[in-house]
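# Per-entry structural report
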Amino acid sequence: MVKRHEDVIIQTVCRCLIPYMQIYSLYVLVHGHGSPGGGFQGGCIFAASFVLLAIVYDLREAKRRFSEKTNGVFCALGVFIYTAIGWLCLLLGGNFLDYGKLSKIFPTDPVMARYYGMAGIETGVQITVMAIMVSIFLNLATKGKHEEVLEE
Amino acid sequence: MIKKIVSIVIAIFATSALLVGLEDLPKWADPKQPASIHVSPGYIEKSLEETGVPNIVTAVLADYRGYDTMFETAVIFTAGIAVIMLLRRSKNGKKA
Amino acid sequence: MLEYIIAKYNYWIYIFLLMIGFYAMMAKNNLMKKLVGMNIFQWAIIFYFVSIGAKKGGTVPIISGVHGHHGAEHLVVHAVDYINPLPHVLMLTAIVVGLATTGIALALLIVIYRRYGTLEEDEILEELKK
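Residue positions are given per chain, counted from 1 along the sequence in the order it is written. Each chain gets a letter, beginning with A, and each ligand a number, beginning with 1, in the order they are written. Where local features are concerned, this predicted model is filtered to residues with pLDDT of at least 70; where side-chain atom pairs are given and counted, the filter is 80 or more; whole-chain, interface and lining totals use all residues.

### Regarding the overall build of chain B
Condition: We count a stretch as a helix when DSSP gives it H or I for four or more residues in a row; a strand needs E for two or more, and each element gets its number in order from the N terminus. This radius of gyration counts C-alpha atoms alone. The globule rule is 2.2 Å times how many residues there are, raised to the power 0.38. Exposed residues have 12 or fewer other C-beta atoms within 10 Å of their own C-beta, buried residues have 20 or more, and residues in between are partly exposed; the C-beta atoms are placed from the backbone.
The number of helices and strands found in chain B is four helices and zero strands. For chain B, the α and β elements follow one another from N to C terminus as α-α-α-α. The C-alpha atoms of chain B give a radius of gyration of 24 Å, which is well past the 12 Å a tight globule of 96 residues would have. In terms of its C-alpha atoms, chain B occupies a principal-axis envelope of roughly 60 × 45 × 15 Å. Counting all 96 residues of chain B, 32% fall into the buried class.

Structural data, given as C-alpha cells:
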C-alpha cells in the first residue's frame, strides 16, 4: 500500500464501493434502536472504508482525505459529545446522564427524551471509534514514520 | 524442549481443574439458570415502557449502563493515544 | 456421565480453546505467537459468557412491531420469551477492550523489533543479560 500498484478493476470497484460502505455504517448507527447495531459497530465499518482506501490506492490518498490533524480533532470530539450530553442533563437538574431531564429543552415527553439522548451518545461513540481505528491502522502500517513513507 | 513439556503439564493440570468444576455449571440454554432469573427479567419487562427503545441490548448499554459506555470510549481514546506516543518519533529521536 | 458430556458440550469447547491459548502463551518462542495465544484465550472467555445468555424457546432481545413509546401501551412483555440480554452487553465492552489491548501490544512489538532486531524471546533474553 506504500507504492501504488495500478490495477483498473480493483480501483474502479473500490471507488464505487467506499461511499456505500460509509452510508451503510450510518444506517447501522441510526438503526441501533430497532435492530442489532449501534455506535461501536458503525464506527468500525466507517473505519474499514478508510482502510480499504489505503489498501487499494496509495497511503497518500488516505492521508489526503483524512489528515492527521482532523483525525486528532475527531478522536476528542466523540468523547466530548458524550460527556457534554451528560453535563447538560446535570445542568438541567437531574443526575449525570439522566436523559429524562432533556425534555425540558426538547419538545418531547420524558420517555422519548431518553430515546433521543441515546441516539446522541451513540453518535459520539461512533466518531471516536472511527477516528481511533484509522489512526491505529496508519501508525502500525507505517511504523510511525508517516513522512518517510510519503516521500517515496 | 523442557519448556514445552512443562507447559503441556501445566495446561493439562489447569484443564482438569476446570473440568472438576464443570458439574456445578448449569445446562446450556436452561430457562431456570441463576443468570436468567434475578436481574434480567426486570430489564426485559421494563425497558420498553421506560425508554421507548425496542432493542433491549442498546437500551441497557446506553441508558441503564451509560457510565460504563462512557469509560469504554475513554479506554479506546487512551489506546489510540498510547499507540501514537509509542510510535511517532521524528528523525532526530525527539518526540514528534 | 453421559449427560455430563452431552448436555454441557459447549463448556468443553470453551475449555479446549482456553487451554490452546494458555499453552501458546507459555510455550511458544516468538512474541507474535504469544500475542495470538492471548487473543485466543480472550475470545474463549467471551464465547463462554455469551453462551450463558441463551434460553430455550427464547428469541432475539428486540421487541418487534413497536416504534417508539406510542405503540407500547397495549403490549405486555414476558421475560420468558426473550433471551438474557445482559451478557451480550457486557461482552460488547470486553471486545472493545480486547481491541485496544491488541493494538497497543502490536505497537510495543514494533518498538521491541526496532530496538533488538529480533522477535524471538530467547534471543532477547540473551541481549538483556549482556
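### A short note on the overall build of chain A
Going by this rule: A pair of residues counts as a contact when their C-beta atoms, built from backbone coordinates, are separated by no more than 7 Å.
A tally of helices and strands in chain A yields six helices and zero strands. Walking chain A from its N terminus toward its C terminus, one meets helices and strands in the order α-α-α-α-α-α. Computed over its C-alpha atoms, the radius of gyration of chain A comes to 19 Å, more than 25% above the 15 Å expected for a compact globule of 152 residues. For chain A, the spread of C-alpha atoms along the principal axes amounts to about 55 × 30 × 20 Å. When burial is assessed residue by residue, chain A has 39% of its 152 residues classed as buried. Long-range pairs, those at least 24 residues apart, make up 60% of the contacts in chain A with a sequence separation of at least 6.

### Observations concerning the interface of chain A and chain C
The criterion, for reference: Three categories are distinguished: nonpolar for Ala, Val, Leu, Ile, Met, Phe, Trp, Tyr, Cys and Pro, charged for Asp, Glu, Lys and Arg, and polar for the others, with Gly belonging to the last.
Counting residues at the interface gives eight residues for chain A and nine residues for chain C. The residue inventory of the side of chain A that touches chain C, partitioned by class, reads six nonpolar, one polar and one charged.

### Section: the nonpolar core
Test applied: A set of buried Ala, Val, Leu, Ile, Met, Phe, Trp, Tyr and Cys residues, joined through C-beta atoms within 7 Å, is what we mean by a nonpolar core.
Judged by nonpolar contacts, the single largest core of 60 residues is most densely connected at Phe50, Val129, Met130, Ile132, Met133 and Val134 of chain A together with Val60 of chain B. At 15 residues, helix 5 (residues 110–141) of chain A tops the list of elements feeding residues into this core. Contacts of Met133 of chain A, omitting those with residues within four sequence positions, involve Cys44 and Ala47 of chain A.

### Quick look at the confidence of the model for chain B
All names here are of chain B. Stated formally: pLDDT is a per-residue confidence score from the predictor, ranging from 0 to 100.
The pLDDT averaged across chain B works out to 87; a share of 93% of its residues lies at or above 70. Per-element mean pLDDT across chain B ranges from 88 in helix 2 (residues 40–51) up to 93 in helix 4 (residues 66–87). Model confidence for the complex: the whole-complex pTM is 0.89, and ipTM, which rates the interface, is 0.88.

### Looking at the environment of Lys55 of chain C
As for its placement among the helices and strands, Lys55 of chain C is situated in the loop between helix 3 (31–52) and helix 4 (86–116). On the basis of neighbour count, Lys55 of chain C is assigned to the buried category, with 22 C-beta atoms found within 10 Å. Each C-alpha atom of the pair Lys55 of chain C and Asp81 of chain C lies 8.7 Å from the other, and the pair is 26 residues apart in sequence. Once residues within four sequence positions are removed from consideration, Lys55 of chain C is found in contact with Ala29, Pro31 and Ser36 of chain B together with Ile83 and Asn84 of chain C.

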